[in-house]
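In case you want the letters, here they are:
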Amino acid sequence: MSGPGIGAGFGGSVPGGVVGAGPDDAGAPRRVSRSDAREARKRLAGRIRKTPVLHTSIAGPNGPVPVTLKLEYLQHGGTYKVRGSLNALLESPAPAAEVVIASDGNAGIATAVATAQLGKACTVVVPESAPHTKVAAMWSHGAEVVWHGTTYGEARRHAADLATERGALLLRVDDLPAVVAGAGVVGLELEEQVRGRPPVLISVGGGGLVAGVASVLGRRQQVIGVEPVGYPALHTALETDPAVGPCSPDAPHAHRIGAIALGIARRYDIRSLLVADDAVVAAREYLWREFRIVVEATGATALAAVHSGVYVPPPGERPVIVLCSANTEHVVQ
């Protein structure tokens, strides 16, 4: 039977339902707006942290650069993804005592944190390539972890089968309006915390955070996505024909851009910058050396654009840099 879902065209085939994205009646992904983020903020009140900002300067190739750091790595679970996971579960009309998700990282941690808050059981299906530190974090928040397959796509298919067997709610967070809207609350917070309308630099993984913030700020404020040169998912997608869909689900989860995120990126002309791997490493080491901040590589990618000179702010500009995640296997020396 078809289970309940979120928004037009959402649904599933497991007894507990599917919380996941699907096309609307016209065949296009549902849009996410500023009003969706406002509703998400109401829903999440008292459940998430309004993470602080730090007005400071960082070293650039030509000297100090004034910036504002959004310390989102201080969010519950060490990741902004908790905002979206909680919003999706709170918005879902499907009652279920257990949630199943496929994840190779922070989405699984976020879902474990969210389900613990809501008193639900959580099972995360992870591929063999999942970082053990992130799997340990899932366990620490009470999730059952099931190892399956060598790719995210294999884990995702097994998660769907497992949800069917257990009558659980299947959470698909790679391209979900409620998840993007939850991430958009970061944009609402920045409007309250930062004067003016400086550009906002955001690391791009699956695209949920950059899309959520852009859905709030629209064209009033420039949003810039930053990616490593080895995984230019958004950069590549923006240069392809608009009819080309997202990457295969067998691709690593963090290196696929969902249809919703890509649509928002095109609608609001999100810029995409690429940084070298060694620039990301250097930015991460700089954060530890100068601020005693430890983030994972994804968390330092946006900072790397300014630190390496890929992005040079014009005089008088103080860009916002979102430090989005802190679940890392490697200790910075």
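Fair warning: this is a prediction, and the values are worked out from it, not measured in the lab.

Here the focus is the nonpolar core. Core analysis: the biggest nonpolar cluster contains 67 residues, and Leu171, Ile202, Leu209 and Val223 have the highest contact counts within it. If you look at the next biggest cluster of nonpolar residues, it comprises 27 residues, including Val67, Ile224, Ile293 and Ala302.

Another point: the packing of aromatic side chains. Using the criterion set out here, one finds one aromatic pair in the structure. Both rings, one in Tyr286 and one in Phe291, keep their centres 6.2 Å apart while their planes meet at 75 degrees; by these two values the pair is edge-to-face. You can call Phe291 partly exposed: its relative accessible area is 22%. Sitting over the ring of Trp288, Arg292 keeps its end group 4.4 Å from the ring centre.

Attention shifts here to the pairing of strand 2 (residues 53-60). The two faces of the sheet receive side chains in turn, since in a regular strand these alternate between them. Two strands pair when backbone bridges link them, and strand 2 and strand 3 (residues 63-70) are joined in this way by eight bridges, in the antiparallel orientation. Looking at strand 3, one finds that Thr56 is bridged to Val67. Where strand 2 folds back on strand 3, the antiparallel hairpin that results is connected by two residues.

The subject of this paragraph is the pattern of salt bridges. With the rule as written, the count across this model stands at 14 salt bridges. Here Arg83 and Glu72 are joined by a salt bridge, their closest N and O atoms 2.7 Å apart. One end of the pair, Arg83, is in helix 2 (residues 81-91); the other, Glu72, is in the loop between strand 3 and helix 2, and eleven residues separate them in sequence. Both residues of the pair, Arg83 and Glu72, count as buried. Salt-bridge contacts for Arg166 lead to Glu98; the nearest nitrogen and oxygen are separated by 2.7 Å. Here Glu98 lies in strand 4 (residues 98-102) and Arg166 lies in helix 5 (residues 152-166), a separation of 68 residues in the sequence. Judged by its relative accessible area of 35%, Arg166 falls in the partly exposed class. With relative accessibility at 16%, the residue Glu98 sits in the buried group. The structure contains a network of salt bridges with shared partners spanning Lys70, Glu72, Arg83 and Glu189.

Analysis parameters
- Residues numbered from 1 in each chain as written.
- Predicted model: local features only at pLDDT ≥ 70, side-chain atom pairs only at ≥ 80, totals over all residues.
- Heavy atoms only, no water.
- Core = buried A, V, L, I, M, F, W, Y, C linked by side-chain atoms within 4.5 Å.
- Buried < 20%, exposed > 50% of the residue type's maximum accessible area, 1.4 Å probe, protein only.
- Phe/Tyr/Trp six-rings, centres within 6.5 Å; stacked < 30°, edge-to-face > 60°.
- Lys NZ or Arg CZ within 6 Å of the ring centre and 35° of its normal.
- Pairing = 2+ DSSP bridges.
- Helix = DSSP H or I, 4+ residues; strand = E, 2+ residues; numbered from the N terminus.
- Salt bridge = Lys/Arg side-chain N within 4 Å of Asp/Glu carboxyl O.

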